[in-house]
Amino acid sequence: MITKEHIAKKLQERLERKCTAIGLTHWAKAIMFDYFEGKRIYDPAEKDLLERAIMRIANSSTNYRTFLFDAEIVKILTHLGYKAKSNSPNGEVYSISIILGQQNNPKSKEAIKIISEQLPKEKNLSIRQQGSGVVLTANEMSEKEIHTLASLLQPHSYIMSLNDTR
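Residues numbered from 1 in each chain as written. Predicted model: local features only at pLDDT ≥ 70, side-chain atom pairs only at ≥ 80, totals over all residues. Heavy atoms only, no water.

Describing helix 4 (residues 70–79)
Next up, step 1: Within the span of helix 4, buried status applies to Asp-70, Ile-73, Val-74, Ile-76 and Leu-77. Summarising the axial view, the buried residues of helix 4 lie within an arc of 160°, below the 170-degree limit, and thus occupy one face. What points out from helix 4, more than 90 degrees from its buried face, is the exposed set Lys-75 and His-79.
Next up, step 2: Those residues of helix 4 hidden inside the fold are in contact with helix 1 (4–15), helix 2 (21–36), helix 3 (47–58) and helix 6 (143–152).
Next up, step 3: Just beyond helix 4, the residue with positive phi is Gly-81, at close to 95°. (Buried < 20%, exposed > 50% of the residue type's maximum accessible area, 1.4 Å probe, protein only. Helix = DSSP H or I, 4+ residues; strand = E, 2+ residues; numbered from the N terminus. Arc of directions from axis to C-beta. Contact = heavy atoms within 4.5 Å.)

See the structure below:
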């Protein structure tokens, strides 16, 4: 049976960096498949809450828009009735990849300029052409820096993926 404790334990493992973000996603998807195939059930007293929590975790990915940052994991734990906080004093750092279409498009050039100006040298920004588009990568990005960059890029068309670096 899938219980609040079961989910909370796995989320706490993620906060303690005992599993990666994508590992957490795959764990939740396995629970969904087991439930669908009748191999496991949710605690009947908490079924809706547990199903919503598992659904959110399973639908997370390395894409910025669906990524589960520490603050959101803490929110899910709170909904489950647990008190938690991120164990990383400065938060986790990530490598990011940003894909922009049509390299010679004025909007893409503007986005590259924003990214280049926003990231200091120690982030190891690299820019490479891929097909007709551009891929920008950077390292050691904090959650706050990523949110700031995403906010600045809001008017532009881009895809940002994150990778756990620790």
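Side note on the side chain of Thr-3
Next up, step 1: You can see Thr-3 is positioned in the segment before helix 1.
Next up, step 2: Looking at Thr-3, its side chain comes within polar contact range of the side chain of Glu-5, at 3.2 Å.
Next up, step 3: The contact partners of Thr-3, leaving out residues within four places of it in the chain, are Asp-43 and Leu-50. (Polar contact = N/O pair within 3.5 Å; in protein donor to acceptor, adjacent residues only side chain to side chain.)

Focus on the sheet that holds strand 2 (residues 126–130)
Next up, step 1: Reading across the sheet, the four strands line up as 2-3-1-4 and stay open at both edges, with antiparallel pairing between neighbours. One side of each edge strand has no neighbouring strand; the edge strands of this open sheet are strand 2 and strand 4 (159–164). Between one strand and the next, the sheet's axes are offset by a mean angle of 20°, whatever the strand orientation. (Pairing = 2+ DSSP bridges. Axes fitted to C-alpha atoms, helices over the stretch in contact; angles between N-to-C directions.)

Focus: the pattern of salt bridges
Next up, step 1: Per the counting criterion, the structure on display carries twelve salt bridges.
Next up, step 2: Between Glu-92 and Arg-17 there is a salt bridge; the shortest N-O distance is 3.3 Å. Here the residue Glu-92 occupies a position in the loop between helix 4 and strand 1 (93–100), and Arg-17 occupies one in the loop between helix 1 and helix 2, the gap between them amounting to 75 residues. Side by side, Glu-92 and Arg-17 carry an identical accessibility label, which is buried.
Next up, step 3: Linked through salt bridges whose partners overlap, the residues forming this network are Arg-14, Arg-17, Asp-70, Glu-92 and Asp-164. (Salt bridge = Lys/Arg side-chain N within 4 Å of Asp/Glu carboxyl O.)

Digging into the nonpolar core
Next up, step 1: Counting 24 residues, the largest nonpolar core has Ile-96, Ile-98 and Ile-146 as its most contacted members.
Next up, step 2: Of all the secondary-structure elements, those providing two or more residues to this core are strand 1, helix 5 (106–118), strand 3 (133–142), helix 6 and strand 4.
Next up, step 3: Excluding its chain neighbours within four sequence positions, the residues that come into contact with Ile-146 are Tyr-64, Phe-69, Tyr-94, Ile-96, Met-141, Met-160 and Leu-162. (Core = buried A, V, L, I, M, F, W, Y, C linked by side-chain atoms within 4.5 Å.)

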